[in-house]
Amino acid sequence: MTTNAALSRLLAGRGPLLLDFDGPVCSIFAGYPAASVADELRSLLREHGVTITEILLETPDPLDVLRWVGTRRQPEITRLVEDALCEAELHAVRSSAPTMYAKEVIVAARKSGKPIAVVSNNSAGAVMEYLTAKRLAPYITSVIGRAYADPALMKPNPEPILHAVFDLGAEPGECVLVGDSLADITGAQAAGVPIIGYANREEKVQTFKDAKADAVITSMGDIAVALICDDTD
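Student: Looking at this model, I keep getting lost on the pairing of strand β6 (residues 176-179). Mind explaining?
Tutor: Consecutive side chains along a regular strand alternate between the two faces of the sheet. The two faces of β6 match: Val176 and Val178 on one face and Leu177 and Gly179 on the other face are all buried. Pairing geometry for strand β1 (residues 17-19) and β6, over three bridges, is parallel. The residue of β6 that forms the bridge with Leu18 is Leu177. Crossover connection from β6 via helix α9 (residues 182-191) to parallel strand β7 (residues 195-198): handedness right-handed.

Shown next, in the form of C-alpha coordinates:
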(Lines give C-alpha, C1' and ligand atoms only; values in the text may rest on other atoms or scores of the structure.)
Protein backbone atom coordinates (compact mmCIF):
# COMPACT_ATOMS: atom_id res chain seq x y z
CA MET A 1 0.00 0.00 0.00
CA THR A 2 1.42 3.43 -0.88
CA THR A 3 1.79 6.14 1.72
CA ASN A 4 -0.94 8.19 0.06
CA ALA A 5 -3.30 5.24 0.10
CA ALA A 6 -2.46 4.49 3.73
CA LEU A 7 -3.09 8.10 4.71
CA SER A 8 -6.39 8.19 2.84
CA ARG A 9 -7.49 5.05 4.67
CA LEU A 10 -6.38 6.25 8.08
CA LEU A 11 -7.85 9.73 7.75
CA ALA A 12 -11.11 8.90 5.97
CA GLY A 13 -14.34 9.93 7.64
CA ARG A 14 -14.84 11.78 10.91
CA GLY A 15 -12.80 9.65 13.27
CA PRO A 16 -10.85 11.69 15.84
CA LEU A 17 -7.34 12.95 15.16
CA LEU A 18 -4.83 12.78 18.01
CA LEU A 19 -1.69 14.88 17.74
CA ASP A 20 1.51 14.70 19.72
CA PHE A 21 2.61 18.25 20.55
CA ASP A 22 6.40 18.59 20.32
CA GLY A 23 7.06 17.70 16.70
CA PRO A 24 3.73 17.45 14.90
CA VAL A 25 2.45 20.80 16.23
CA CYS A 26 5.59 22.76 17.06
CA SER A 27 9.18 22.52 18.18
CA ILE A 28 8.73 23.57 21.80
CA PHE A 29 12.42 24.02 22.59
CA ALA A 30 13.39 25.82 19.38
CA GLY A 31 14.29 29.05 21.20
CA TYR A 32 15.10 27.62 24.63
CA PRO A 33 17.11 24.45 23.95
CA ALA A 34 16.05 21.22 25.61
CA ALA A 35 19.67 20.56 26.58
CA SER A 36 19.73 23.80 28.57
CA VAL A 37 16.56 22.78 30.41
CA ALA A 38 18.07 19.36 31.14
CA ASP A 39 21.17 21.07 32.55
CA GLU A 40 19.02 23.27 34.78
CA LEU A 41 17.17 20.24 36.12
CA ARG A 42 20.45 18.46 36.84
CA SER A 43 21.69 21.54 38.72
CA LEU A 44 18.48 21.55 40.73
CA LEU A 45 19.00 17.91 41.67
CA ARG A 46 22.57 18.59 42.78
CA GLU A 47 21.37 21.48 44.94
CA HIS A 48 19.13 19.01 46.74
CA GLY A 49 21.86 16.46 47.28
CA VAL A 50 20.91 14.05 44.52
CA THR A 51 23.84 12.23 42.92
CA ILE A 52 23.67 12.37 39.12
CA THR A 53 24.45 9.13 37.30
CA GLU A 54 26.72 9.06 34.27
CA ILE A 55 23.84 8.09 31.97
CA LEU A 56 21.82 11.04 33.18
CA LEU A 57 24.73 13.38 32.57
CA GLU A 58 24.66 12.57 28.86
CA THR A 59 20.99 13.13 28.04
CA PRO A 60 19.93 16.41 26.39
CA ASP A 61 16.25 15.61 27.04
CA PRO A 62 14.64 17.10 30.17
CA LEU A 63 11.93 14.44 30.02
CA ASP A 64 14.63 11.81 30.50
CA VAL A 65 15.69 13.62 33.67
CA LEU A 66 12.11 13.56 34.95
CA ARG A 67 11.76 9.88 34.08
CA TRP A 68 14.95 9.08 35.97
CA VAL A 69 13.83 11.02 39.02
CA GLY A 70 10.54 9.12 38.97
CA THR A 71 12.37 5.81 39.38
CA ARG A 72 13.95 6.96 42.68
CA ARG A 73 10.67 6.89 44.60
CA GLN A 74 11.27 10.24 46.24
CA PRO A 75 7.95 12.03 45.65
CA GLU A 76 9.16 15.38 46.98
CA ILE A 77 12.11 15.42 44.55
CA THR A 78 9.89 14.32 41.68
CA ARG A 79 7.49 17.18 42.42
CA LEU A 80 10.40 19.60 42.60
CA VAL A 81 11.66 18.58 39.16
CA GLU A 82 8.12 18.48 37.75
CA ASP A 83 7.43 22.04 38.88
CA ALA A 84 10.73 23.27 37.46
CA LEU A 85 10.07 21.53 34.15
CA CYS A 86 6.54 22.94 33.90
CA GLU A 87 7.93 26.43 34.43
CA ALA A 88 10.66 25.84 31.84
CA GLU A 89 8.14 24.55 29.30
CA LEU A 90 5.95 27.63 29.76
CA HIS A 91 9.01 29.76 29.09
CA ALA A 92 10.10 27.62 26.13
CA VAL A 93 6.75 27.58 24.39
CA ARG A 94 6.86 31.37 24.01
CA SER A 95 9.84 31.01 21.65
CA SER A 96 8.77 27.73 20.06
CA ALA A 97 8.69 27.23 16.30
CA PRO A 98 5.43 26.17 14.64
CA THR A 99 5.71 23.01 12.58
CA MET A 100 5.11 23.69 8.91
CA TYR A 101 1.56 22.74 7.87
CA ALA A 102 0.48 21.90 11.43
CA LYS A 103 -2.07 24.72 11.44
CA GLU A 104 -3.41 23.56 8.08
CA VAL A 105 -3.79 20.03 9.45
CA ILE A 106 -5.72 21.25 12.47
CA VAL A 107 -8.02 23.51 10.47
CA ALA A 108 -8.64 20.89 7.77
CA ALA A 109 -9.38 18.20 10.34
CA ARG A 110 -12.03 20.29 12.04
CA LYS A 111 -13.53 21.32 8.70
CA SER A 112 -13.87 17.64 7.84
CA GLY A 113 -15.73 17.02 11.10
CA LYS A 114 -12.93 15.42 13.08
CA PRO A 115 -12.56 16.19 16.78
CA ILE A 116 -8.93 16.80 17.70
CA ALA A 117 -6.99 16.00 20.86
CA VAL A 118 -3.41 16.92 21.66
CA VAL A 119 -1.69 14.14 23.61
CA SER A 120 1.67 15.22 24.95
CA ASN A 121 4.45 14.32 27.35
CA ASN A 122 4.80 18.06 27.85
CA SER A 123 2.70 19.84 30.43
CA ALA A 124 -0.89 20.67 29.55
CA GLY A 125 -0.26 24.27 30.63
CA ALA A 126 2.48 24.69 28.02
CA VAL A 127 0.33 23.11 25.32
CA MET A 128 -2.60 25.42 26.10
CA GLU A 129 -0.29 28.44 26.21
CA TYR A 130 0.86 27.66 22.68
CA LEU A 131 -2.57 26.85 21.28
CA THR A 132 -4.05 30.01 22.75
CA ALA A 133 -1.22 32.22 21.48
CA LYS A 134 -1.54 30.77 17.97
CA ARG A 135 -5.37 31.01 18.03
CA LEU A 136 -5.70 27.26 17.62
CA ALA A 137 -7.38 26.49 20.95
CA PRO A 138 -10.94 26.73 19.52
CA TYR A 139 -10.12 23.91 17.10
CA ILE A 140 -8.99 21.52 19.85
CA THR A 141 -11.50 19.41 21.75
CA SER A 142 -9.15 17.98 24.38
CA VAL A 143 -5.61 18.48 25.67
CA ILE A 144 -3.99 15.62 27.57
CA GLY A 145 -0.64 16.64 29.01
CA ARG A 146 1.87 14.95 31.27
CA ALA A 147 0.45 13.51 34.47
CA TYR A 148 1.71 15.66 37.33
CA ALA A 149 4.80 14.20 39.03
CA ASP A 150 4.05 10.72 37.70
CA PRO A 151 6.47 10.23 34.80
CA ALA A 152 5.68 6.52 34.55
CA LEU A 153 2.41 7.57 32.91
CA MET A 154 4.11 9.38 30.03
CA LYS A 155 4.09 7.80 26.60
CA PRO A 156 4.96 5.03 25.70
CA ASN A 157 2.49 4.24 28.47
CA PRO A 158 -0.83 4.09 26.58
CA GLU A 159 -2.76 5.78 29.41
CA PRO A 160 -2.67 9.37 28.06
CA ILE A 161 -3.68 8.16 24.60
CA LEU A 162 -6.58 6.19 26.02
CA HIS A 163 -7.51 9.22 28.14
CA ALA A 164 -7.79 11.29 24.96
CA VAL A 165 -9.86 8.59 23.25
CA PHE A 166 -12.23 8.54 26.24
CA ASP A 167 -12.48 12.34 26.28
CA LEU A 168 -13.55 12.30 22.64
CA GLY A 169 -16.16 9.60 23.24
CA ALA A 170 -14.56 7.33 20.68
CA GLU A 171 -13.16 3.84 20.38
CA PRO A 172 -9.39 3.41 19.94
CA GLY A 173 -9.71 1.96 16.45
CA GLU A 174 -11.74 4.96 15.29
CA CYS A 175 -8.88 7.36 16.04
CA VAL A 176 -5.45 7.96 14.56
CA LEU A 177 -2.44 9.42 16.37
CA VAL A 178 0.28 11.46 14.68
CA GLY A 179 3.57 11.24 16.55
CA ASP A 180 7.26 11.77 15.90
CA SER A 181 8.83 9.28 18.33
CA LEU A 182 9.02 5.58 19.05
CA ALA A 183 7.25 6.34 22.32
CA ASP A 184 4.26 7.58 20.30
CA ILE A 185 4.28 4.48 18.13
CA THR A 186 4.64 2.05 21.02
CA GLY A 187 2.01 3.84 23.08
CA ALA A 188 -0.47 3.98 20.21
CA GLN A 189 -0.02 0.31 19.43
CA ALA A 190 -0.55 -0.61 23.08
CA ALA A 191 -3.71 1.51 23.11
CA GLY A 192 -5.02 -0.03 19.88
CA VAL A 193 -4.89 3.32 18.08
CA PRO A 194 -3.58 3.49 14.48
CA ILE A 195 -0.39 5.54 14.26
CA ILE A 196 1.10 7.85 11.64
CA GLY A 197 4.81 8.33 12.21
CA TYR A 198 5.96 11.86 11.46
CA ALA A 199 9.61 11.43 10.50
CA ASN A 200 10.87 14.97 10.92
CA ARG A 201 14.42 13.67 10.55
CA GLU A 202 15.54 11.40 7.72
CA GLU A 203 16.90 8.69 10.03
CA LYS A 204 13.45 8.24 11.55
CA VAL A 205 11.86 6.99 8.33
CA GLN A 206 13.24 3.45 8.45
CA THR A 207 13.02 3.36 12.24
CA PHE A 208 9.30 4.06 12.09
CA LYS A 209 8.77 1.54 9.30
CA ASP A 210 10.61 -1.09 11.33
CA ALA A 211 8.37 -0.23 14.29
CA LYS A 212 5.37 -0.96 12.04
CA ALA A 213 3.76 2.47 12.05
CA ASP A 214 0.59 2.35 9.96
CA ALA A 215 1.97 5.13 7.74
CA VAL A 216 5.15 7.23 7.71
CA ILE A 217 5.29 10.83 6.52
CA THR A 218 8.08 13.39 6.27
CA SER A 219 5.85 16.46 6.17
CA MET A 220 2.66 17.38 7.99
CA GLY A 221 1.60 18.73 4.61
CA ASP A 222 0.92 15.12 3.56
CA ILE A 223 -1.79 14.91 6.20
CA ALA A 224 -3.22 18.30 5.27
CA VAL A 225 -3.52 17.26 1.63
CA ALA A 226 -5.14 13.93 2.54
CA LEU A 227 -7.68 15.68 4.79
CA ILE A 228 -8.52 18.30 2.19
CA CYS A 229 -8.90 15.67 -0.53
CA ASP A 230 -11.14 13.55 1.70
CA ASP A 231 -13.31 16.59 2.46
CA THR A 232 -13.82 17.29 -1.24
CA ASP A 233 -14.73 13.71 -2.21
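More follows now that the structure is in view.
Student: Whenever I open this one, the nonpolar core confuses me. Can you help?
Tutor: The tendency in soluble globular proteins is for nonpolar side chains to be buried side by side. Residues Leu11, Phe21, Leu45, Ile196 and Ile223 are the most contacted members of the largest nonpolar core, which totals 54 residues. Of the residues forming this core, the biggest block, six residues, is contributed by helix α5 (residues 75-93). Discounting residues that sit within four places of it in the chain, Leu11 has contacts with Leu17, Lys114, Val176, Ile196, Ile223, Ala226, Leu227 and Asp230. Listed in part, the 20 residues of the second largest apolar core include Leu18, Ile161, Val165 and Val193.

Student: Please explain the environment of Glu58 as it appears in this structure.
Tutor: Among the structural elements, Glu58 can be located in helix α3 (residues 54-58). When its relative accessible area of 60% is taken as the criterion, Glu58 is described as exposed. Separated by 99 residues in the primary sequence, Glu58 and Asn157 have C-alpha atoms spaced 24 Å apart.

Student: Looking at this structure, how should I read the sheet that holds strand β4 (residues 116-119)?
Tutor: Paired through backbone hydrogen bonds, the strands of a sheet run either parallel or antiparallel to each other. Spatially, β5-β4-β1-β6-β7-β8 is the arrangement adopted by the six strands of the open sheet, whose pairing is parallel. Each of the sheet's edge strands pairs with one partner strand only, and the pair in question is β5 (142-144) and β8 (215-217). Between one strand axis and the next, the sheet turns by 20 degrees as a mean value, whatever way the strands run. In this sheet, β8 lies alongside β7 in parallel orientation, the contact comprising three bridges. When the sheet's bridge partners are listed, Ile196 is paired in β8 with Ala215. Lying on the sheet, helix α7 (residues 124-133) is in contact with β4 and β5; it crosses β5 at an angle near 140 degrees.

Student: Quick question: what am I supposed to make of helix α2 (residues 34-47) here?
Tutor: Given 3.6 residues to a turn, an α-helix orients residues that are three or four positions apart in the same direction. Counted at 1.5 Å a residue, the expected span for α2 with its 14 residues is 20 Å, and the 20 Å between its end C-alpha atoms agrees. Considering only its buried residues, α2 is in contact with α3, α4 (62-70) and α5. With its phi angle positive at about 75 degrees, Gly49 sits one or two positions after the end of α2.

Student: For this particular structure, what's the right way to read the pairing of β4?
Tutor: The alternating pattern of β4 places Ile116 and Val118 and Ala117 and Val119 on opposite faces, both of which are buried. By the bridge criterion, three bridges tie β1 to β4 in an arrangement that is parallel. When the sheet's bridge partners are listed, Leu19 is paired in β4 with Val118. Two elements, β4 and β5, share three bridges in a ladder whose sense is parallel.

Student: Help me understand the environment of Ala92 in this model?
Tutor: Relative to the helices and strands, Ala92 resides in helix α5. As a C-alpha pair, Ala92 and Ala126 span 34 residues in sequence and 8.4 Å in three-dimensional space. Beyond its immediate chain neighbours, meaning those up to four positions away, Ala92 contacts Ile28, Phe29 and Tyr32.

Student: So what exactly am I meant to see when it comes to helix α8 (residues 159-167) here?
Tutor: For α8, the full list of buried residues reads Pro160, Ile161, Ala164 and Val165. Across the axial projection of α8, the buried residues extend over an arc of 145 degrees, all falling on one side. Among the structural elements, β1, β4, β5, β6 and α9 are those in contact with the buried residues of α8.

Student: Please explain unusual backbone geometry as it appears in this structure.
Tutor: Glycine aside, the phi torsion of most residues is negative, and most peptide linkages are trans. Residue Pro156 follows Lys155 across a cis peptide bond; omega there is 25 degrees. Backbone geometry at Ala149 places phi at a positive 55 degrees, although glycine is not the residue there. Within the secondary structure, Ala149 is located in the loop between β5 and α8. One non-glycine residue, Lys212, adopts positive backbone phi at about 65 degrees.

Rules and cut-offs
Residues numbered from 1 in each chain as written. Predicted model: local features only at pLDDT ≥ 70, side-chain atom pairs only at ≥ 80, totals over all residues. Heavy atoms only, no water. Buried < 20%, exposed > 50% of the residue type's maximum accessible area, 1.4 Å probe, protein only. Helix = DSSP H or I, 4+ residues; strand = E, 2+ residues; numbered from the N terminus. Pairing = 2+ DSSP bridges. Right-handed = clockwise from strand over helix to strand, strands pointing away. Core = buried A, V, L, I, M, F, W, Y, C linked by side-chain atoms within 4.5 Å. Contact = heavy atoms within 4.5 Å. Axes fitted to C-alpha atoms, helices over the stretch in contact; angles between N-to-C directions. Expected span 1.5 Å × (residues − 1). Arc of directions from axis to C-beta.

No statement about biological role is implied by the geometric values presented.
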